[in-house]
Amino acid sequence: MDLNTVWFILIAVLFVGYFFLEGFDFGVGMLVPFLGKNDTERRVIINSVGTFWDGNEVWLITAGGAMFAAFPNWYATLFSGFYPALVLMLVGLIIRGVAFEFRSKDKSPQWRNIWDWLLAVGSFVPALLWGVAMTNIWRGVPINEDMTYVGGFFNLLNPFALLGGVTTLFIFLLHGALFLNLKTEGEISARAKVAAQRLWLPAIILFLAYILASYFQTNILLTMGINPGVIPIFAVMALFFSYFLIKKNRPGWAFIFTGITIAFTTFTIFIAIFPNVMISSLNPEWNLNIYNAASSPYTLKIMSIVALIFLPIVLAYQIWSYYIFKKRISTKSKLEY
Amino acid sequence: MGAVTLARWQFAITTVYHFFFVPLTLGLSVFVAILETLYVVTGKEVYKRMTLFWGKLFIINFILGVVTGLVQEFQFGMNWSEYSRFVGDIFGAPLAIEALLAFFLESTFLGVWIFGWDRLSKKAHAATIWLVAIGSNLSALWILIANSFMQQPRGYELVRDAAGNVIRAQMTSFADLVFNPNVWVQFPHVLASGIVTAAFFVIGISAYHLFKKSKDGQAYRLSLKYSVIYGFIGILLVILIGHSQMQHIVRIQPMKVASAEAIWNTENPASLSLFTIGDEKERKDIFAIKIPYLVSVLAYNSLEGEIKGINQLQEEYEQKYGPGDYVPPVAVSYWSFRIMVGAGILMLLLSIYLLIYVIKDKFEFKPWVYKALLFAIALPYLANSAGWILTEVGRQPWLVYGLLKTTDGVSPYTAVSTGEVLFSLITFGILYGILMVVDVYLLKKYALAGTSEIDKENDL
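Residues numbered from 1 in each chain as written. Chains lettered and ligands numbered in written order. Predicted model: local features only at pLDDT ≥ 70, side-chain atom pairs only at ≥ 80, totals over all residues. Heavy atoms only, no water.

Trainee: Is there a simple way to explain the overall build of chain B in this structure?
Mentor: Along its length, chain B carries 15 helices and six strands. For chain B, the C-alpha radius of gyration of 23 Å lies close to 23 Å, the compact-globule estimate for 460 residues. Each principal axis of the C-alpha distribution contributes one length, and for chain B these read about 70 × 50 × 40 Å. Within chain B, buried positions represent 60% of all 460 residues. Looking at chain B alone, contacts between residues at least 24 apart form 76% of all its contacts between residues at least 6 apart. Total accessible area on chain B is roughly 18,100 Å²; 65% of this is exposed by carbon and sulfur atoms. Of the side chains in chain B, 35 bear a positive and 34 a negative charge, and the two mean positions are spaced by 10 Å. (Helix = DSSP H or I, 4+ residues; strand = E, 2+ residues; numbered from the N terminus. Rg over C-alpha atoms; globule rule 2.2 N^0.38 Å. Buried < 20%, exposed > 50% of the residue type's maximum accessible area, 1.4 Å probe, protein only. Contact = heavy atoms within 4.5 Å. Areas by Shrake-Rupley, 256 points an atom, 1.4 Å probe, with all protein chains shown as cover. Lys, Arg positive; Asp, Glu negative; His and termini not counted. Charge placed at Lys NZ, Arg CZ, Asp CG, Glu CD.)

Trainee: Which parts of the structure should I look at to understand a nonpolar patch on the surface?
Mentor: All names here are of chain B. On the surface, a nonpolar cluster with roughly 880 Å² of combined accessible area is contributed by L274, F275, I277, I286, F287, I289, I291, W335, I339 and L382. When residues of the nonpolar patch are traced back to their parent elements, those giving at least two are β3 (272-279), β4 (284-291) and α11 (330-358). In terms of residue count, β4 provides more of the nonpolar patch than any other element does, four residues in total. (Patch = residues over 30% accessible without salt bridge, like charges linked within 9 Å, V, L, I, M, F, W, Y side chains within 5 Å. Salt bridge = Lys/Arg side-chain N within 4 Å of Asp/Glu carboxyl O.)

Trainee: Mind showing me how you'd approach the interface of chain A and chain B here?
Mentor: Size of an interface: often given as the accessible area lost when the parts come together. Taken together, the contact between chain A and chain B spans 74 residues of the former and 76 residues of the latter. Carbon and sulfur atoms supply 73% of the area that chain A and chain B bury against each other, a total of about 6,600 Å² over both sides. A per-residue breakdown of the area chain A buries against chain B is headed by F68, Y83 and K105 of chain A, which together make up 11% of the total. For the pair chain A and chain B, the interface holds one salt bridge. Residue K445 of chain B is joined to D106 of chain A by a salt bridge in which the shortest nitrogen-to-oxygen separation is 3.4 Å. On the surface where chain A and chain B come into contact, there are 20 residue pairs in polar contact (both at pLDDT 80 or more). (Buried area = accessible area lost by both parts, 1.4 Å probe. Polar contact = N/O pair within 3.5 Å; in protein donor to acceptor, adjacent residues only side chain to side chain.)

Trainee: I would appreciate a short explanation of the side chain of T268 of chain A in the present structure.
Mentor: All names here are of chain A. Here T268 is to be found in helix α11 (residues 251-273). Taking the relative accessible area as the measure of exposure, T268 reaches 6% and is therefore buried. The contacts of T268, once residues within four sequence positions are left out, are M224, I231 and P232.

Trainee: Sorry if this is basic, but what is going on with the environment of Y401 of chain B here?
Mentor: Residue and element names in this part refer to chain B. Its location among the elements puts Y401 in the loop between β5 (398-400) and β6 (404-405). Given the relative accessible area of 13%, Y401 is considered buried. Put simply, Y401 and Q152 are 249 residues apart on the chain and 6.3 Å apart in space, counted from C-alpha to C-alpha. Once you skip the residues sitting within four places of it in the chain, Y401 turns out to touch M150, Q151, P153, I252, Q253, P254, Y317 and R395.

Trainee: Explanation requested: empty space enclosed by the protein in the structure shown.
Mentor: It is a probe the size of a water molecule, rolled over the atoms, that shows where empty space is left. Residue and element names in this part refer to chain A. One pass over the full model with this rule turns up nine cavities of 30 Å³ or more. As for the largest cavity, its lining consists of 17 residues, of which T168, I262, T265, T266 and I269 are closest to the centre. Contributions of two or more residues to the lining of the largest cavity are made by α6 (109-139), α7 (159-183), α8 (186-217) and α11. Along the lines of polarity and charge, the residues of the lining of the largest cavity split into nine nonpolar, eight polar and no charged. Estimated volume of the second largest cavity: approximately 180 Å³. L78, F82, W130, A133 and I137 are the residues nearest the centre of the second largest cavity, which is lined by 20 residues in total. Residue assignment for the lining of the second largest cavity shows that the elements contributing at least two residues are α4 (72-81), α5 (83-102), α6 and α11. With seven residues, α6 is the single largest residue contributor to the lining of the second largest cavity. Grouping the amino acids of the lining of the second largest cavity by side-chain chemistry returns 19 nonpolar, one polar and no charged. (1 Å grid on protein atoms, 1.4 Å probe; cavity = no way out; pocket = protein on both sides within 12 Å on 5 of 7 lines; lining within 4 Å. Points joined across faces, edges and corners; volume = space filled by probe spheres on them. Nonpolar A, V, L, I, M, F, W, Y, C, P; charged D, E, K, R; others polar.)

Trainee: Would you explain the layout of surface pockets in this entry?
Mentor: Considered as a void within the structure, the largest pocket measures approximately 1,300 Å³ in volume. Every residue lining the largest pocket is counted, 50 residues in all, and those nearest its centre are F11, T15, V16, H18 and Q72 of chain B. Listing elements by their share of the lining of the largest pocket, those giving two or more residues are α3 (53-70) of chain A together with α1 (3-42), α2 (45-79), α3 (81-115), α4 (122-151) and α13 (378-393) of chain B. Looking at the lining of the largest pocket, the element that brings in the most residues is α1 of chain B, giving 13 residues.

Trainee: When you look at the environment of R103 of chain A in this model, what are you seeing that I'm missing?
Mentor: All names here are of chain A. Structurally, R103 can be placed in the loop between α5 and α6. By relative accessible area, R103 is classed as buried at 1%. Remark: the alpha-carbon pair of R103 and M303, spanning 200 residues in sequence, is separated by 39 Å. Those residues in contact with R103, other than ones at most four positions away along the chain, are D39, R42, R43, I46, W111, R112, W115 and D116. For R103, the side chain forms a polar contact with the side chain of D116, separated by 2.7 Å.

Trainee: In this structure, what is going on with the domain arrangement of chain B? I would like to understand it.
Mentor: Residue and element names in this part refer to chain B. Domains assigned within chain B are domain 1 (3-253 + 328-458) and domain 2 (254-327). Spacing between the C-alpha centres of domain 1 and domain 2 amounts to 30 Å. Taken together, the contacts link 28 residues of domain 1 with 26 residues of domain 2. The contact between domain 1 and domain 2 buries some 2,100 Å² in all, and 61% of this surface belongs to carbon and sulfur atoms. For domain 1, the biggest contributors to the area lost against domain 2 are V250, V330 and Y334; these three give 28% of the whole. For the pair domain 1 and domain 2, the interface holds one salt bridge. Of the charged contacts, one joins E261 and R338 as a salt bridge, the two residues approaching to 2.8 Å between their closest N and O atoms. (Domains from an automatic or database assignment.)

In structure tokens, the structure reads:
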């Protein structure tokens, strides 16, 4: 395996980590105004992800940095091409980040209510847009011979991509509800369980519709065949079984299963486009792939050494931070946010 | 306005704004870590109150640095895609390393620090804020390694296509990138300016509480004492390192120095302008007050020493790089340099004045001094912004010095239309404006509430 492939896998892993982790804090963010009946309850919900959301978001920053370092043309084409969508996503991410930190720093109920809704909207926008973006990467977009996106904004809003957006939205909501079910106590936890049960059906319907649509809209038949293999099938099965785990009061396992769905779906998309990184809908010769988009072998080597040393360290201390704060949070806990 | 101009405005606004929050994060993280260490070592409750109080203000400031940093991470690709393709092989590496080494560290451990008071031992808890401080200051190192490549490209080769046109720069030595001499004047200068920013922030707020005779006077006296010492060390370092930095820039980017000093024609010895009103088109002074010899003395530590003028450098560059305008906006460079240095000198004088008092444990000042100290919080911000404006504007027309012009780095209009740039510029402008108001409101509220209110707010 050459270093280009290694970096393709590494970036896939970073996105998997990002969607798995920030997926649940997007979900929790969106659920705040709906599951928290009063101020204390809302604070409990926010505090359940309070320790983690910022560390989760660094997965995205690292993925972006890794794309820039390993595949500069991918970084340049993607972010200049999806420009207005990315602006909206950044606005969402900025607002929700600030909302976490500011919402409980003033006692005024209006202040808190506004920030709760901003947190919800700021989580909603990226949760939707990530699905749109990933789907467009999979489907292919108009890219010319200079590796430049020429499709305009509305080209990104095709029905398949929008279906992808709504699908990630519901899966993140479900993932977030399960996290709350797992991480809180009493009424909030019970309410989160009910929400998860209700969210499951639309989530799986959308997910199945998305998979079906992908057979018509993408190259999946060519690259993976009618039977796409173990990874995508596991993604579907995990989502399917999560329902029974929710019912049987196994929120931890259910959460892991929706996490598997998120992770394996992301892997599936990366496997399906490999060795391309951006597919041109205009001419296959204009695809960006892991070679024509890549940095020099020297840079890839340097970056590999750095990643080899530091990624395990990062993983170790992030897992440690989750371990330190493994206790469930209730209305009686000391709340910071 | 064209797309390039709009993209430049967007980058300038989002970056200067980002850098309102960064220096305070750099300096205050270390300051809070020192306070918590004092708490652990001495066991005195006053240090815990100080840690919590300054820590709270640190967090309110930190978050805006984080969220505006998101824009920084992606806007190279968004607005400057051709730049990203050109230097990605080199520039992307420190950015990715910054995220992996620094951002994970500071954000993970800040979460642990905020929520971990009851979960960790005292020592372990103090260790987490040190990790935050190390993470923040490490992030400055890596982004300045990236920026230094734009100032003084090192450790690269140019890759050409079949027709012989340069298509991109490629890394040949990671060590040359990291040990670029520019890094090692720029990075300590920025670290020291972080110390100064935090010090004047703490000085101003502590002085206010001492003036108002707030409860817990001991905490503010100690805060004032430590911050004055911290700030004095910081401003000395800023000035000394800044001086070395300028001597470095005379050699690597003489045009930046010529425009910062508004030296139109080569001078030997070169005089220092205290105040110049010039005509940028005609390239001449209309009115100027100058001190003879001083630029040569500063640049070369000698009464002799040639400082090349804008006209001569322009000729030289035309021969070297082909026809074009190689003169950066002189008025912007000249005045940003004066604002930075002026603010720096004021801060030095203030630090010396305060130091004389606090080392004798005197904390009583005349009323106007308290007021002045409150306003002095703004001085480091002025200096920090002006410093970056000089660094980046003074490099124009280059994006990467000598290799890539700013006009060649922007995203092609087929990918990003002028309307889209305008849309994002307005969006970020409004959003950032609102966030500034909210952030200042909260900082003010928590600063005025003082050390004794901190715990009450937590137990709502």
